[in-house]
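Coordinates in review
In case you want the letters, here they are:
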Amino acid sequence: MTWEQYAELAKSLTKGEGTEKQWGGYYADWLTAPLGALQEGTTILDDNLDPVGNWLDYLDRLYYKDGSHMSYKQMKAESIDWIKQFESGNVAMLINGEWTLNMLKADIEAGKTDIDFDMAPLPLPEGTKDPITVGGVSTFIGINPKSEHTDAAFKFVQFVTGEQGGALIAESSVLPAYSSDKTKEAFLNATGIQGSGYFFETNTVVENQPVPQIDEVNRVYSEQRDLFLFQEQDSAAAIQNFMKNRQSVLNR
Amino acid sequence: MTSHRLRNYKSYLPGTLFILPAFVLFAIFIFVPLIYGFVMSFTDYGGFNVAPNFIGLDNYTKLLQDDYFLISLKNNFIYTLLFVPLTMLLALLAAIALNHVLHLRKYLRMAFYFPYITSMVSIAIAWGLLFNPVSGPINYILKAVGIANPPEWLMSSKWALVAIILVAVWKSFGYYMIILLAGIQGIPEHLYEAAELDGANKFQQFLYVTLPSLSPTLFMVLVLTIINSFQVFDLVSVMTDGGPGRSTNVLVFRIYQEAFVNYRMGYAAAMSTVLFLIIMVISLIQFRLEKKWVTY
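From a predicted model like this one, the values you see are computed outputs, not experimental measurements. (Residues numbered from 1 in each chain as written. Chains lettered and ligands numbered in written order. Predicted model: local features only at pLDDT ≥ 70, side-chain atom pairs only at ≥ 80, totals over all residues. Heavy atoms only, no water.)

So, on to the overall build of chain A. Counting its secondary structure elements, chain A contains eleven helices and four strands. A compact globule built from 252 residues would reach a C-alpha radius of gyration of about 18 Å, and chain A, at 20 Å, matches this within 12%. Dimensions of chain A, computed from the C-alpha atoms along their principal axes, are close to 55 × 50 × 35 Å. When each of the 252 residues of chain A is scored for burial, the buried share is 45%. When the 20 positive and 37 negative side-chain charges of chain A are each reduced to one mean point, those points stand 4 Å apart. (Helix = DSSP H or I, 4+ residues; strand = E, 2+ residues; numbered from the N terminus. Rg over C-alpha atoms; globule rule 2.2 N^0.38 Å. Buried < 20%, exposed > 50% of the residue type's maximum accessible area, 1.4 Å probe, protein only. Lys, Arg positive; Asp, Glu negative; His and termini not counted. Charge placed at Lys NZ, Arg CZ, Asp CG, Glu CD.)

Turning next to the overall build of chain B. From N to C terminus, chain B includes twelve helices and zero strands. In terms of overall dimensions, chain B has a C-alpha envelope of 80 × 75 × 30 Å along the principal axes. The 296 residues of chain B split such that 41% are buried. Within chain B, residue pairs in contact and separated by at least 24 positions form 67% of the contacts whose partners lie at least 6 positions apart. Carbon and sulfur atoms provide 72% of the accessible area of chain B, an area that totals close to 17,500 Å². Between the mean site of the 18 positive side-chain charges and the mean site of the 13 negative ones, chain B shows a separation of 6 Å. (Contact = heavy atoms within 4.5 Å. Areas by Shrake-Rupley, 256 points an atom, 1.4 Å probe, with all protein chains shown as cover.)

Once that is clear, we can look at the packing of aromatic side chains. Residues and elements named next belong to chain B. Under the defined criterion, the tally for this structure stands at 33 aromatic pairs over all chains. With 6.4 Å between their ring centres and 45 degrees between their planes, Phe-42 and Phe-54 make a pair best called tilted. Here Phe-54 lies in the loop between α1 (2-40) and α2 (58-65) and Phe-42 lies in the loop between α1 and α2, a separation of twelve residues in the sequence. Overall, the relative accessible area of 17% leaves Phe-42 in the buried class. Taking the centre distance of 5.7 Å and the plane angle of 35 degrees together, the rings of Tyr-113 and Tyr-116 count as tilted. (Phe/Tyr/Trp six-rings, centres within 6.5 Å; stacked < 30°, edge-to-face > 60°.)

The next thing to look at is the pattern of salt bridges. Residues and elements named next belong to chain A. In this structure the tally under the stated criterion is 15 salt bridges over all chains. Note that Asp-107 and Lys-112 form a salt bridge whose closest N and O atoms lie 3.6 Å from each other. You can call Asp-107 buried: its relative accessible area is 14%. Linked through salt bridges whose partners overlap, the residues forming this network are Glu-4, Glu-8, Lys-11, Arg-61 and Asp-66. (Salt bridge = Lys/Arg side-chain N within 4 Å of Asp/Glu carboxyl O.)

Here the focus is the UniProt feature "domain: ABC transmembrane type-1" (unreviewed entry) in chain B. The sites that carry the UniProt feature "domain: ABC transmembrane type-1" (unreviewed entry) are, in the present numbering, residues 73-286 of chain B. Between the C-alpha atoms that bound residues 73-286 of chain B there is a distance of 20 Å. The span itself is 76% helix and 0% strand. (UniProt positions renumbered as here; feature names shortened; annotations may be inferred.)

Residues and elements named next belong to chain B. Mapped onto the present numbering, the UniProt feature "transmembrane region" (unreviewed entry) falls on residues 12-39, 77-98, 110-130, 159-184, 205-227 and 267-287. Along residues 110-130, the helical share is 90% and the strand share 0%, with 23 Å between the first and last C-alpha atoms. In residues 159-184, the share of helix is 96% and the share of strand is 0%. The end C-alpha atoms are 35 Å apart.

Its 16 residues place the ends of helix α11 (residues 235-250) of chain A 22 Å apart at the C-alpha level, agreeing with the 22 Å of an ideal helix rising 1.5 Å per residue. Along α11 of chain A, the residues classified as buried are Ser-235, Ala-238, Ile-239, Phe-242, Asn-245, Arg-246 and Val-249 of chain A. Angularly, the buried residues of α11 of chain A cover 135 degrees about the axis, an arc narrow enough to put them on a single face. Along α11 of chain A, the residues that are exposed and aim more than 90 degrees away from the buried face are Ala-236, Gln-240 and Lys-244 of chain A. On the buried face of α11 of chain A, the contacting elements are α3 (50-65) and α10 (214-229) of chain A together with α3 (67-100) of chain B. (Expected span 1.5 Å × (residues − 1). Arc of directions from axis to C-beta.)

This paragraph deals with α3 of chain A. Buried within α3 of chain A we find Pro-51, Val-52, Gly-53, Trp-55, Leu-56, Tyr-58, Leu-59, Asp-60, Arg-61, Leu-62 and Tyr-63 of chain A. Residue Gly-67 of chain A follows α3 of chain A closely and has a positive phi angle near 65 degrees.

Residue and element names in this part refer to chain B. Among the nonpolar cores identified, the biggest contains 115 residues, and Leu-235 and Met-239 are the most heavily contacted of them. Ranked by residue count, the leading element in this core is helix α7 (residues 160-185), at 14 residues. With residues near it in sequence (within four places) discarded, Met-239 still touches Ala-124, Trp-127, Gly-128, Phe-131, Leu-154, Ile-164 and Val-167. (Core = buried A, V, L, I, M, F, W, Y, C linked by side-chain atoms within 4.5 Å.)

With that settled, consider the confidence of the model for chain B. Residues and elements named next belong to chain B. Per-residue confidence for chain B gives a mean pLDDT of 88; residues scoring 70 or more make up 97%. By mean pLDDT, the top-scoring element of chain B is α7 (93), and the lowest-scoring one is α1 (83). Scored by ipTM, the complex comes to 0.79, with pTM at 0.84. (pLDDT = per-residue confidence, 0-100.)

In a pair of packed helices, the angle between the axes and the distance between the axes together describe the arrangement. Residue and element names in this part refer to chain A. At a minimum axis separation of 4 Å, helix α7 (residues 150-161) and helix α8 (residues 163-170) run at an interaxial angle of 60 degrees. Between α7 and α8, the angle falls in the class oblique. Listed contacts from α8 to Phe-159, Val-160 and Thr-161 of α7 are Glu-163, Gln-164, Gly-165, Gly-166, Leu-168 and Ile-169. Grouping the amino acids of the contact of α7 with α8 by side-chain chemistry returns four nonpolar, four polar and one charged. (Axes fitted to C-alpha atoms, helices over the stretch in contact; angles between N-to-C directions. Parallel < 35°, antiparallel > 145°, perpendicular 65-115°, else oblique. Nonpolar A, V, L, I, M, F, W, Y, C, P; charged D, E, K, R; others polar.)

Attention now goes to the environment of Met-70 of chain A. All names here are of chain A. Considering the arrangement of structural elements, one finds Met-70 in the loop between α3 and α4 (72-78). Taking the C-alpha atoms as reference points, Met-70 and Asp-29, separated by 41 residues in sequence, lie 9.6 Å from one another. If near-sequence neighbours (up to four positions away) are discounted, Met-70 is found in contact with Trp-23, Gly-25, Tyr-26, Tyr-63, Met-75, Ile-80 and Gln-85.

Across the contact, 22 residues belong to chain B and 15 residues belong to chain A. For the chain B and chain A pair, buried surface summed over both sides reaches about 1,500 Å², with 41% attributable to carbon and sulfur atoms. Counting across the chain B and chain A interface gives four salt bridges. The salt bridge involving Glu-216 of chain A is made with Arg-264 of chain B; its shortest N-O contact spans 2.6 Å. The interface formed by chain B and chain A holds eight residue pairs in polar contact (both at pLDDT 80 or more) in total. (Buried area = accessible area lost by both parts, 1.4 Å probe. Polar contact = N/O pair within 3.5 Å; in protein donor to acceptor, adjacent residues only side chain to side chain.)

Another aspect to go through is the environment of Ser-213 of chain B. Residues and elements named next belong to chain B. Within the secondary structure, Ser-213 sits in helix α9 (residues 202-229). Residue Ser-213 is classed as partly exposed on the basis of its relative accessible area, which comes to 29%. Separated by 82 residues in the primary sequence, Ser-213 and Thr-295 place their C-alpha atoms 6.8 Å from one another. Once residues lying within four places of it in the same chain are set aside, the contact partners of Ser-213 are Ile-187 and Leu-191.

Here the focus is the packing of α3 of chain B against α9 of chain B. Residue and element names in this part refer to chain B. Interaxial distance between α3 and α9 falls to 10 Å at its minimum, and their mutual angle equals 140 degrees. Judged on the interaxial angle alone, α9 and α3 are oblique. Pair α3 / α9 crosses with right-handed handedness. Here Asn-76, Tyr-79, Thr-80, Phe-83, Val-84, Thr-87, Met-88, Leu-92 and Ile-96 of α3 lie close against α9, whose contacting residues are Phe-206, Leu-211, Leu-214, Leu-218, Val-221, Leu-222, Thr-225, Ile-226 and Ser-229. Along the lines of polarity and charge, the residues of the contact of α3 with α9 split into 13 nonpolar, five polar and no charged. (Left-handed = near helix turned anticlockwise from the far one by under 90°.)

Structure follows, in structure tokens:
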């Protein structure tokens, strides 16, 4: 599915008003990474930020023009809990990370919700053939150089990051870093959701580039993105201001 | 000469011993960190266990060119310019009103003082809901009285700072009201009687008796509100996180970001020193002007 098709689908699924309102999709306000641009190979550190500008315009379409997603202003003003929106059945499609799977399953087991859900791969930009998703590296394992048992620790690290460890992790419905048939099978058995196999079939592009100032660059990007999504400036101005601020961050 | 000094030394001893505990605490928790921070501002200390390098005035020269810092300075000045007069005016009016009311005074005093002792976080959250541009009561009322496009408050880079100032004024004025009320109640009656005998009406009495007698208290309130306005952090942090954009990014918030988010503690210490100097200069100016307009 392309982003264009996703937008159209979301629009067609939006109906109702007030308390009966069903949103076609939900795109959380804290998803700052420009997904479409990243899938096309552009990061916020590049010189040509046209794909990022296009992505901003796309978000404007989802939030305001089509009205298929809860508007950015509303999400920010009311500090909406994104998962409760989905669990209450108000939202048809939710764009989020793989940890959502665990959260939903835990909530279903705890009886907080009874929704029926499945998963699909992230929509793609026009012209992209192979499935590609955006991912961050989130869990690390390290060995303290001052420890007495560094050899044993290294063996453990090899185990955890290898296929066996990956399968064990998958059995707890947590997406393992090691991708193979065995871990995929363990994961599918654990989650019981057919669509969760898609995680193993896509390429991943890194969400945050490993440069030291990435936090600050992210922050100044998010400031301009905020001003854009609050409809105070257009995407061209947002990108321009961002590039100026980014330069002074990288110059430090 | 020597015996004179010995006699004085003995008389100072009990006084010194009494203030010694408080002074030791002050020295440990305020004075020492102040010096330590000042020294840190000449290094590139990053907050981790890496030995900091002495880099001289580099942090300070960087400061002057840092547009983020300059924006936070500008925001803080705007904040001060609006917060101080509003708070003082509200506190003064409330104090005068309370002075005339006899029966409900205790309860009203409690009511006005209550926001000051309430947790800043709960206030920020509650007011955030009130300021909701679409479904909040404030805009609902504004629309009802005919203002077609009420400001979008925390969702607008123009109005977010104003919203924060309003909440801060609401929270703080009770404290200064109490101080001013005590000041008003300390004005001797015979001054008013003398003024009335001279033919002054209520308003003239206020201008020529109340205000001058109150001027030392007003001076203190002015100094306190200005110092306070440069220290606002928690309200900004909970309500807007410095946004939208950088419109509510104030000085202490920026210092916090540089120190604890970007781990540039030396740089943040330099900013703190600049903050300290600003407050000191403003206070010195005020103390100079004190001789001009404060009557004892």
